[in-house]
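# A look at the structure
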Amino acid sequence: MRTNRVLTVAAAALTALSLAPAALAAPHRPTPGAAGGGDPYFPRQGNGGYDVSSYRLAIGYTPSSKRLTGHARITARATQSLSRFDLDLRRTLTVSSVRVDGRRAAFSQPAAQVQELVVTPRHALRAGHRFSVEVRYAGTATPTTDPDGSLDGFIPTSDGAFVASEPQGSPTWFPVNDTPRDKARYAVSVTVPKGLTAVSNGRFVAHRTHGAATTWSWRLDRPVSSYLVTATLGKFDVTRGRTPAGVPYFVAVDPTQAAKANPVLAKLPSIVDWLARTYGRYPFGETGAIVDDAPNVGYALETATRPVFDRAPSVGTLAHELAHQWYGDTVTLRQWRDIWLNEGFAEFSTWLYTEHTGGKTTAQQLADLEALPADDDVWSPPPGNPGSGADIFAGSVYDRGAATLAALRAEVGDHVFFRIMRGWLRQHYYGNAAVGQFTAYAGRVAHTDLTAFFQTWLYHDGKPAFS
Ligand code: ARG
Ligand code: ZN
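Residues numbered from 1 in each chain as written. Chains lettered and ligands numbered in written order. Predicted model: local features only at pLDDT ≥ 70, side-chain atom pairs only at ≥ 80, totals over all residues. Heavy atoms only, no water.

### Things to note about the layout of surface pockets
Inclusion rule: A pocket, in this scheme, is an open set of points on a 1 Å grid over the protein atoms alone with protein on both sides within 12 Å along at least 5 of 7 lines, while a cavity is a set where a 1.4 Å probe fits but cannot get out; residues line either one if an atom lies within 4 Å of a point. Grid points are joined across faces, edges and corners, and a volume is the space filled by probe spheres set on the points. Numbering of helices and strands starts at the N terminus; helices are DSSP runs of H or I of at least 4 residues and strands are runs of E of at least 2.
Put simply, the largest pocket is a space of about 380 Å³. Of all the secondary-structure elements, those providing two or more residues to the lining of the largest pocket are α5 (315-323) and α6 (340-356). Tallying contributions element by element places α5 first for the lining of the largest pocket, with four residues.

Quick look at the structure:
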């Protein structure tokens, strides 16, 4: 009888399950995490079903062979009941083992997908469960090429590697939930041939030499997006100190760049302190810079706490990357379409620094731009909607993007403008935001309807109408 009753109930439940729409059954039944985060520009970036809190990466690299080895330990929390999940890792790196919560897990790197590592744990992961993933992998360092043609990720140089991963390079060197929305803490150690220096983000922990190899260890205690992590290595001269306001810095300079870079880097402490006075407290525990000699790269990147430069930077570029520590690294875009929140703000900060040091005011810079003809490249694409991944770093996102803030400053006056700039950060410390949130916030602080203003500056095709 009893058996019968159970059977009947089970049969009824089965019928109910098969009739229920999938969405109703989903919360209880473990299902695979999504293979992408759904960004319209980079749909495969990131994954669904979990949220990473920290990465512990042990990287090994030999410049002569370009051989890269890695051991990643990831701590995450399941946001759904998971039968399996993906990490982003390029197939140029071959995985040899994966463990979930210490136990061997099945995995595959499907040939049809360039950067999915599919992990099937022995048991499904309950929603809310905190779990660890350990991945061992190795391969030949191979950067990726972005839609705009530039190299991205782990980029070999003559004496080491330049590591810069915006917007999609991180999976060329570690397994990652590569969406800017999944911020995490990082502990990175890099083992290199003795005599080379490896520089990552955050606090310098130690370097230890065993025989012919040195391991450099770093720790970043604030959560950042994966595109902001570096492990740049090579021959470097190191300078350490504190800014006048007390922020510790670690500056690494390729000796070939020292003569040009050092006079510029001498301004780093005062720029960091000036930015903190202008926008609010410095958001990280350390600062610095990495100046490499990587002529095939062609850009600098605001890697967290310590931007990386492909060559000796100008003062303007240094100020730009340092300003990103606030706009970009602390408040970060939600989707790549929101790139103006990064580049427009950093470039405006360069303009503001020029004004601060006695050069042109931001109003004069704005007037100079206004003088450019309607068919100048500076006007398109519109910074609020660059249109595709190929245009996220278009000149207009920077210059028309900076002009937008210069025009806002002129429109609302200094007092309100800087309240907007500082308040915006306070609302989103260590978080993500979209352009629409900024424009709405600015309007609220200014007590003005700025809809038409931002529509013209950020979204109008072609030269905005100057008023
Ligand atoms: N965010 C960098 C900057 O501060 C630019 C990165 C360009 N990256 C690229 N893959 N094109 O300007
Ligand atoms: Zn920038």
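### A few points about the coordination of the zinc ion (ligand 2)
Quick reminder of the rule: Coordinating donors are taken as N, O and S atoms within 2.8 Å of the metal, stretched to 3.2 Å for Na, K and Ca; because water is absent from the atoms, sites can appear incomplete. Accessible area is worked out with a 1.4 Å probe on protein chains only. A residue is then buried under 20% of its type maximum, exposed over 50%, and partly exposed in between.
Protein-derived ligands of the zinc ion (ligand 2) are His 320 (NE2), His 324 (NE2) and Glu 343 (OE), with the metal-ligand distances lying across 1.9 to 2.0 Å. Counting along the primary sequence, the residues that act as donors to the zinc ion (ligand 2) give the motif H-x3-H-x18-E. Each member of the pair, His 320 together with His 324, is buried.

### Here's the deal with the domain arrangement of the protein
Formally: What counts as a domain boundary in this text is fixed by an automatic or database domain assignment. Contacts are residue-level and defined by heavy atoms, with any inter-residue pair within 4.5 Å sufficient. Buried area: the accessible area, evaluated with a 1.4 Å probe, that two parts lose upon being put together, summed over both parts. The term salt bridge refers to a side-chain nitrogen of Lys or Arg lying within 4 Å of a carboxyl oxygen of Asp or Glu. Polar contacts, as used here, are pairs of N or O atoms within 3.5 Å; protein pairs need one atom able to donate a hydrogen and one able to accept it. Residues neighboring in sequence count only if both atoms are side-chain atoms.
Each domain of the protein was delimited in the assignment, giving domain 1 (1-228), domain 2 (236-324) and domain 3 (332-459). Just the C-alpha atoms count here: the centres of domain 1 and domain 2 sit 29 Å apart. The interface is formed by 26 residues belonging to domain 1 together with 25 residues belonging to domain 2. With both chains or domains summed, domain 1 and domain 2 bury close to 2000 Å², and 61% of this area falls on carbon and sulfur atoms. When the area that domain 1 buries against domain 2 is broken down by residue, the three leading residues are Phe 162, Val 199 and Leu 228, summing to 27%. Counting across the domain 1 and domain 2 interface gives zero salt bridges. Our enumeration of links across domain 1 and domain 2 arrives at six residue pairs in polar contact (both at pLDDT 80 or more). Taken together, the elements giving at least two residues each to the side of domain 1 that touches domain 2 come down to β11 (151-156), β12 (161-164), β14 (197-199), β15 (203-210) and β16 (213-224).

### What about the confidence of the model for the protein?
Defined as follows: pLDDT expresses how confident the predictor is about each individual residue, on a scale running from 0 to 100.
Overall, the prediction assigns the protein a mean pLDDT of 94, with 94% of residues at 70 or greater. Throughout residues 1-25 the model reports pLDDT below 50, and contacts reaching past four residues in sequence, or to other chains, amount to two contacts.

### A look at the packing of helix α9 (residues 414-428) against helix α10 (residues 435-446)
In plain terms, the rule: Note on geometry: axes are lines fitted to C-alpha atoms, helical ones only across the stretch in contact, with angles between N-to-C directions running from 0 to 180 degrees. Here the angle decides the label: under 35 degrees means roughly parallel, over 145 means roughly antiparallel, 65 to 115 means roughly perpendicular, and every other value means oblique. It is the rotation of the near helix from the far one that decides the hand of a crossing: anticlockwise by less than a right angle makes it left-handed, clockwise makes it right-handed. Under the scheme applied, nonpolar residues are Ala, Val, Leu, Ile, Met, Phe, Trp, Tyr, Cys and Pro; charged residues are Asp, Glu, Lys and Arg; polar residues are all the others, including Gly.
Interhelical geometry of α9 versus α10 gives an angle of 130° and a closest axis separation of 10 Å. Relative to α10, the element α9 is oriented oblique. In terms of crossing hand, the pair formed by α9 and α10 is right-handed. In contact with Val 416, Arg 419, Ile 420, Gly 423, Trp 424, Gln 427 and His 428 of α9, α10 contributes Gln 437, Phe 438, Tyr 441, Ala 442, Arg 444, Val 445 and Ala 446. Class assignment for the residues of the contact of α9 with α10 results in eight nonpolar, four polar and two charged.

### Here's the deal with the sheet that holds strand β2 (residues 50-62)
Rule in force here: Any two strands with at least two DSSP bridges between them are considered paired.
Across the sheet, which stays open at both edges, the eight strands sit in the order β6-β5-β9-β3-β2-β13-β16-β15 with mixed pairing between neighbours. Each edge of the open sheet carries a strand with a single partner, namely β6 (103-104) and β15. Sheet topology note: the strand β5 (residues 93-100)/strand β9 (residues 130-140) ladder contains seven bridges and is antiparallel. Paired with Val 98 across the two strands is Val 135, which belongs to β9.

### Let's talk about the environment of Val 224
Assignment of secondary structure puts Val 224 in strand β16. In this structure the C-alpha to C-alpha distance between Val 224 and Ile 420, which are 196 residues apart in sequence, comes to 23 Å.

### Here's the deal with the pattern of salt bridges
Here the structure, examined in full by the defined rule, presents six salt bridges. The partner of Arg 203 in a salt bridge is Asp 221, and the shortest N-O contact between them spans 4.0 Å. One end of the pair, Arg 203, is in strand β15; the other, Asp 221, is in strand β16, with 18 residues separating them in the sequence. The exposure class assigned to Arg 203 is partly exposed, which follows from its relative accessible area of 36%. The network of salt bridges with shared partners includes Glu 355, Arg 409 and Asp 414.

### Structural notes on the environment of Pro 313
Relative to the helices and strands, Pro 313 is located in the loop between β21 (308-309) and α5. C-alpha of Pro 313 to C-alpha of Ser 396: the two residues are 83 residues apart in sequence and 21 Å apart in space. Leave out the neighbours within four places in its chain, and Pro 313 touches Val 264, Val 291 and Leu 318.

### Topic: the site of ligand 1
Convention followed: Nearness is defined per residue: one heavy atom within 4 Å of the molecule or strand is enough. Occupancy of a cavity or pocket is assigned to a molecule whenever over half of its atoms lie within 2 Å of that pocket's grid points.
The immediate surroundings of ligand 1 are formed by 15 residues, with Asp 146, Glu 166, Glu 302, Glu 343 and Tyr 398 found nearest. One of the side-chain N or O atoms of Glu 321 is found 2.9 Å from an oxygen atom in ligand 1. Cavity membership is defined here by more than half of the atoms lying within 2 Å of grid points; on that basis ligand 1 lies in the largest pocket. Tallied by class, the residues present in the shell around ligand 1 amount to six nonpolar, three polar and six charged.

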